[in-house]
Amino acid sequence: MRRPVAIVTALVLFGEAVGIVLINAVLATVAENQNMALAGLEPDAMSAGTWAMGGVSGLLLVLCGLIALIAGIRDRAPGRVGRIVLIGCAVVHGVLGAVTVGLVGWAAFAFMMVVLALLVLTLLSYGPETRPPAQRPELTPTAP
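First, a word on scope: everything that follows refers to the structure included in this document. Model, not experiment: these values are computed from the prediction. (Residues numbered from 1 in each chain as written. Predicted model: local features only at pLDDT ≥ 70, side-chain atom pairs only at ≥ 80, totals over all residues. Heavy atoms only, no water.)

1. Observations regarding helix H2 (residues 43-74)
Reasoning step 1: The terminal C-alpha atoms of H2 lie 46 Å apart, and with 32 residues this matches the ideal 46 Å at 1.5 Å per residue to within 8%.
Reasoning step 2: Phi turns positive one or two residues past the end of H2, at Asp75, with a value near 55 degrees. (Helix = DSSP H or I, 4+ residues; strand = E, 2+ residues; numbered from the N terminus. Expected span 1.5 Å × (residues − 1).)

Put into structure tokens, the structure is as follows:
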């Protein structure tokens, strides 16, 4: 079951990356077309910042998706750095999910929580394996 969960997580993260880039593209276009300064910040600077935010967010979501996809294809747990990246992505989704309730609505919150659940399920399903402790010669009981 862990393999399909990791692959679905990757696909959802890829879709979310496209959505984030598109949303930031619309916001950058609107900021550029307004020709209004906000607190002394020029529209070109706001537009460039929005494009940069969309690009960086999209790349990070693609990175998280690739880590989950590779884990699903290989059917092995991601490495230490991969786990840290996925944990960070899960934390960001949890915080953004809490923020989206008030700003966007319950549908966006539900989507963020589904992505959070997929990330956590992927991390837990590829958790540490339970192995019997290795027996060392000095710890094995000897017969009298």
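2. Brief notes about the pattern of salt bridges
Reasoning step 1: The full count for this structure, using the stated rule, is one salt bridge.
Reasoning step 2: One salt bridge connects Asp75 with Arg2, and the closest N-O pair in it is separated by 3.2 Å. Here Asp75, found in the loop between H2 and helix H3 (80-103), pairs with Arg2, found in helix H1 (residues 2-34); they are 73 residues apart in sequence, far enough to count as distant.
Reasoning step 3: A relative accessible area of 28% places Asp75 in the partly exposed class. (Salt bridge = Lys/Arg side-chain N within 4 Å of Asp/Glu carboxyl O. Buried < 20%, exposed > 50% of the residue type's maximum accessible area, 1.4 Å probe, protein only.)

3. Some details on the packing of aromatic side chains
Reasoning step 1: Scanning the model with the defined rule gives one aromatic pair in all.
Reasoning step 2: Consider the rings of Trp106 and Phe109, whose centres lie 5.4 Å apart with planes at 85 degrees: the pair is edge-to-face. With a gap of three residues between them, Trp106 and Phe109 both fall in helix H4 (residues 106-125), about one helical turn apart.
Reasoning step 3: Of the residues examined, Trp106 reaches a relative accessible area of 61% and is grouped as exposed. (Phe/Tyr/Trp six-rings, centres within 6.5 Å; stacked < 30°, edge-to-face > 60°.)

4. A few points about the state of the cysteines
Reasoning step 1: Enumeration according to the criterion identifies zero disulfides in this entry.
Reasoning step 2: Of all cysteine sulfurs in the structure, the one in Cys89 sits closest to Cys64, which takes part in no disulfide; the separation is 3.6 Å.
Reasoning step 3: The class of Cys89 is buried, set by a relative accessible area of 8%. (Disulfide = S-S within 2.5 Å.)

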